[in-house]
Amino acid sequence: MQINSKDCQRAVVNALLILGIGLTVPVAAQDKKDDPLLKIYRATPDKINDLVHTKLDVRFDYKKRYLYGKEWVTLKPHINPTDSLRLDAKGMDIKTVAVVKEGKTIPLKYKYDSLFLVIKLDKVYRDTEKYTLYIDYTAKPDELKIEAGQAITDAKGLYFINPDSTEKGKPVQIWTQGELESSSVWFPTIDHTNQKTTQEISMTVPAKYVTLSNGRLAAQKKNTDGTRTDTWKMELPHSPYLFMMAVGDFKIYRDKWRDKEVSYYLEPKYAPYAKDIFGFTAEAMEFYSKLLGVDYPWNKYSQIVVRDFVSGAMENTTATLHGSYVQGTAKELADRYFDHGRSTIVHELFHQWFGDYVTAESWSNITVNESFANFSETLWAEHKYGQDAGDDHNHEAMMEYLANPANAKKDLVRFHYHAALDVFDAVSYQKGGRILNMLRTYLGAPAFFKGLNIYLKSNAFKNGEAQQLRLALEEASGKDLNWFFNQWYYSSGHPLLDISYKWDAATKTQTVYLKQTQEGNAFVLPMAVDVYVGGKKERHEIWMRSKSDTLTFVTAAQPDLVNVDADKIILSQKTDHQSLENFLFQYQHAPLYMDRLEAVEAAAKQQADPIAQKILTAALTDKYYVLRLKTLQSIGKDNAALLTSVTPLVLKMAKTDENSLVKAAAITMISSNKGADQYLSLYQDAIKNPSYAVQGAGLSAFAQLQPAAALAMAKSLEKDSGGDLVPAIMGIYAEQGADAEWPYVNSNFKQAGAQEKFDMMKSYIALVARLKNPEYAQQGVASIKDFGVAFKSYGVGPQISGALKFIKGERQKAGDTTTGKFIDDAIEQLK
């Protein structure tokens, strides 16, 4: 599963602060030191009965939002004889429970408490005997109340999207989301990761709709009532949380990998861009198959994009489900680079091996699913876009982990947690992915990938945990890895690494002082140190085993650079006391993206220094677009000398840079500084650019000089707007718009994904506050409230309530007497 890992609370707070809404920011999660649930050891569930095969026959009631299901589930005792069975079955009506004997159903006694279905079997069964039960039931997901969390904003398993067609422009869809244990909302099962079952699902749906499920489409039958029954069969075992269904008006683009079907299901509007969105999938399947030495293990691979998805994406076996943010027109996709959608696509694909083929035996060991999927993003970035892109992605993921100090208190393998959803966080994803990257470097790629091959083949169609991964890597490498796993998997935190230097000219000795300043024990850190002297580099492999260490190097002359952690691979928070002269040399001569980024970050803190200016100026022409972008964004407005010197270069970037995001950032920088009014023609040309990002930057710049003309221009651009042009238009409407602009603003806000909503929030709130039509204002309040409810677990409830109070105050000033009560009710729902 892929989650939106941006700092959601910070985005909302920033938007509100810009509006002048001052709020006390709450802690995102309560202090749980005394939480009794944290004292529970979260063991892998005991196996009393094993699932063998699950057969479902389902149809849907769109009006009631019900599923009417018939199930034939085959099981066997795991080892000990048993005469009972407990199934997870959440919020259902159970009509019949029977055992199937020679084609006949024999009713069984059962107890049901709305969560568990406990069945008394007709006899004692032994582990050599299979038995099949028949269950007739109704699933009522919209009547179920279950706690969700940050990774998944809802947990009702089965979702009816716009089933009564009341939302104009939104398609009618049905889809499922099983992780963590929500498949048991729509069919009774043993809803644990350590269960595996084959499956068959027959869906009866309106004949105009397309269906998708796991495995192959085995049969289609037209019915006389205008419906059609599609039967999907999954003939290899997988876990119940990976079961999926989707129903709706989708266009199918069929691709191929070797002799296997690859397909993409999209809304008709985006069908022409299917190859643009997903077209690299077969290439990625080939890359991962060769890298792992295990060919893609399933019969097909489909990807479907749905509305209102409750997470980022989900790796259902053979049928990944994506949120709508991955789709786009060719023009929108042109501004999207690896980290927008494409990283999610490969993340979910890699799960077909790590998560589906071999599944974490419990949520405590989710690292063997999610850390691998996160790491796969770096692997693909390196392969497809080059080493700089891979290193950049790896670093950004590490920074997401480091951004929250609470992450340092959590083990990667976690046997104690408040709720299972808590383990779907930056520790399991970003930290775990970086740990795997360190393992790859430490062991070497051949041994590392051989170990992954052993792990996959040894546990195929079964379950895995971190200890099995350790044993596989030890077998492949011949190295003991207990120290590594004890340190990184079964302990918490990361090193705070302080590096300082001393040169003794008399003895020609370079001393490097290493300190780990974090609380607790030292981390054992193998690392490379590169020493540059007289144009030559000499590498030293060292181990840091204590909280402080001293390295000495006798050299012919003072080194130009001592590059500690020269592979830039250690997961740490690093303070490096090199001089700017050293960082300039590092930028010019060290080989990696991270070498250059470290130099830029050091220079950005001392922009008045001529050497820092030299680094920043050089970085504006860096070969990698992200570093050019970061450099533009790091140059401050208060350094007149630097701005004057780089303006010609930035102007050139604004006109000719090959990357649209860099070009847009250069335009924004030009328009934000002194003399911006000299470049009106630049902004006007940008508005005509084929890139939405460049158009948006040009329009925002134009609006600063000619607000009235920009309002008219924004109106003319509405019809063909997308990507970064939309928030630019909304920004103008926030300042100057009125009721006439509301339909555009509201439509785009409602259709936006979670992060896009965060980005638009400032403009949206500002316009809602001053609309003349109370009905429009109430529409806006409802959308803001829904957003706050959906992301309550991020701690944004008070911020959204503050925004609504701001709107209430502004509307009361304007004489709106009807919206206040509406806002009060909305605030109540956010408590």
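Overview of the structure. All of these numbers come straight from a predicted model, not from anything done at the bench.

### Some thoughts on the overall build of the protein chain
A count of helical and extended segments in the protein chain gives 26 helices and 29 strands. Against the globule reference of 28 Å for 831 residues, the protein chain gives a C-alpha radius of gyration of 29 Å, in line with a compact fold. Across its three principal axes, the protein chain shows a C-alpha extent of roughly 90 × 75 × 55 Å. Across the 831 residues that make up the protein chain, the buried fraction comes to 58%.

### Focus: the packing of helix H20 (residues 707-717) against helix H21 (residues 725-736)
Two elements in contact, H20 and H21, have axes whose closest approach is 10 Å; the angle formed by their N-to-C orientations is 135°. Here H20 is positioned oblique relative to H21, judged by the angle of their axes. Here the hand of the crossing between H20 and H21 comes out left-handed. Within the contact between the two elements, H20 uses Pro707, Ala708, Ala710, Leu711, Ala714, Lys715 and Leu717 and H21 uses Leu725, Ile729, Ile732, Tyr733 and Gln736. Classifying every residue of the contact of H20 with H21 by side-chain character gives ten nonpolar, one polar and one charged.

### So, the pattern of salt bridges
Tallying each qualifying case throughout the model produces 42 salt bridges. A salt bridge links Lys290 to Glu286, with the nearest nitrogen and oxygen atoms 3.3 Å apart. With Lys290 and Glu286 both in helix H3 (residues 281-292) and four residues apart, this pair spans about one turn of that helix. On the accessibility criterion, Lys290 (62% relative accessible area) is exposed. Across the pair Asp816 and Arg811 runs a salt bridge, and its minimum N-O distance is 2.6 Å. A residue is classified by how much of its surface remains accessible, and Asp816, at 10% relative accessible area, is buried. Several salt bridges share partner residues, and in doing so they unite Arg258, Glu286, Lys290 and Asp295 into one network.

### A closer look at the nonpolar core
Leu439, Tyr489 and Leu804 are the most contacted members of the largest nonpolar core, which has 177 residues in total. Every residue in contact with Leu439, bar those within four places of it in the chain, is listed here: Gly444, Phe448, Leu473, Leu481, Phe484, Phe485 and Tyr489. Grouped together as the second largest cluster of nonpolar side chains are 69 residues, Leu56, Leu85, Phe250 and Ala420 included.

### Quick word on the sheet that holds strand E3 (residues 82-88)
The strand order E3-E7-E6 describes an open sheet built from three strands, whose pairing is antiparallel. Each edge of the sheet is formed by a strand with only one pairing partner; in this case those strands are E3 and strand E6 (109-112). Averaged over all neighbouring strand pairs, the angle between strand axes comes to 20°, with direction disregarded. The pairing of E3 with strand E7 (residues 116-125) spans six bridges and is antiparallel. Within E7, the position partnered with Thr82 by the bridge is Tyr125.

### Topic: empty space enclosed by the protein
For the coordinates displayed, the defined rule picks out one cavity of 30 Å³ or more. By volume, the largest cavity is sized at about 30 Å³. Counting residues per element, the lining of the largest cavity draws most heavily on helix H5 (residues 338-351), which supplies four residues. For the lining of the largest cavity, the class distribution of residues is four nonpolar, two polar and one charged.

### Things to note about the pairing of strand E12 (residues 210-213)
Judged by which residues are buried, E12 turns out to be covered on both faces: Val210 and Leu212 on one side and Thr211 and Ser213 on the other are all buried. Relative to strand E15 (residues 245-248), E12 runs antiparallel, the two sharing four bridges. Its bridge partner lying in E15, Ser213 is registered against Met245.

### Here's the deal with H21
Here H21 is twelve residues long and its end C-alpha atoms lie 17 Å apart, about the 16 Å a rise of 1.5 Å per residue gives. Three or more residues of H21 are buried, namely Leu725, Val726, Ala728, Ile729, Met730, Ile732, Tyr733 and Ala734. At its buried positions, H21 is contacted by helix H19 (692-705), H20, helix H22 (742-751) and helix H23 (754-770).

### Points about the sheet that holds strand E28 (residues 561-564)
Pairing in this open sheet of three strands is antiparallel, and the strands run E26-E25-E28 from one edge to the other. The strands lining the two open edges of the sheet, one partner per strand, are strand E26 (536-544) and E28. Strand-to-strand twist across the sheet, computed as the mean angle between neighbouring axes with direction ignored, equals 20°. Across nine bridges, strand E25 (residues 525-533) lies against E26 in antiparallel orientation. Bridging across to E26, Val533 finds its partner in Lys536. Its contacts with the sheet place helix H12 (residues 580-589) against E25 and E28, and it is angled at close to 75° to E28.

### Some points on a positive patch on the surface
A cluster of basic residues, Arg59, Lys63, Lys64 and Lys95, forms a positive patch at the surface. Along the polypeptide, Arg59 turns up in strand E1 (residues 49-61). The partly exposed category is assigned to Arg59, whose relative accessible area is 48%.

Basis of the calculations
- Residues numbered from 1 in each chain as written.
- Predicted model: local features only at pLDDT ≥ 70, side-chain atom pairs only at ≥ 80, totals over all residues.
- Heavy atoms only, no water.
- Helix = DSSP H or I, 4+ residues; strand = E, 2+ residues; numbered from the N terminus.
- Rg over C-alpha atoms; globule rule 2.2 N^0.38 Å.
- Buried < 20%, exposed > 50% of the residue type's maximum accessible area, 1.4 Å probe, protein only.
- Axes fitted to C-alpha atoms, helices over the stretch in contact; angles between N-to-C directions.
- Parallel < 35°, antiparallel > 145°, perpendicular 65-115°, else oblique.
- Left-handed = near helix turned anticlockwise from the far one by under 90°.
- Contact = heavy atoms within 4.5 Å.
- Nonpolar A, V, L, I, M, F, W, Y, C, P; charged D, E, K, R; others polar.
- Salt bridge = Lys/Arg side-chain N within 4 Å of Asp/Glu carboxyl O.
- Core = buried A, V, L, I, M, F, W, Y, C linked by side-chain atoms within 4.5 Å.
- Pairing = 2+ DSSP bridges.
- 1 Å grid on protein atoms, 1.4 Å probe; cavity = no way out; pocket = protein on both sides within 12 Å on 5 of 7 lines; lining within 4 Å.
- Points joined across faces, edges and corners; volume = space filled by probe spheres on them.
- Expected span 1.5 Å × (residues − 1).
- Patch = residues over 30% accessible without salt bridge, like charges linked within 9 Å, V, L, I, M, F, W, Y side chains within 5 Å.
- Areas by Shrake-Rupley, 256 points an atom, 1.4 Å probe, with all protein chains shown as cover.
- Lys, Arg positive; Asp, Glu negative; His and termini not counted.
- Charge placed at Lys NZ, Arg CZ, Asp CG, Glu CD.

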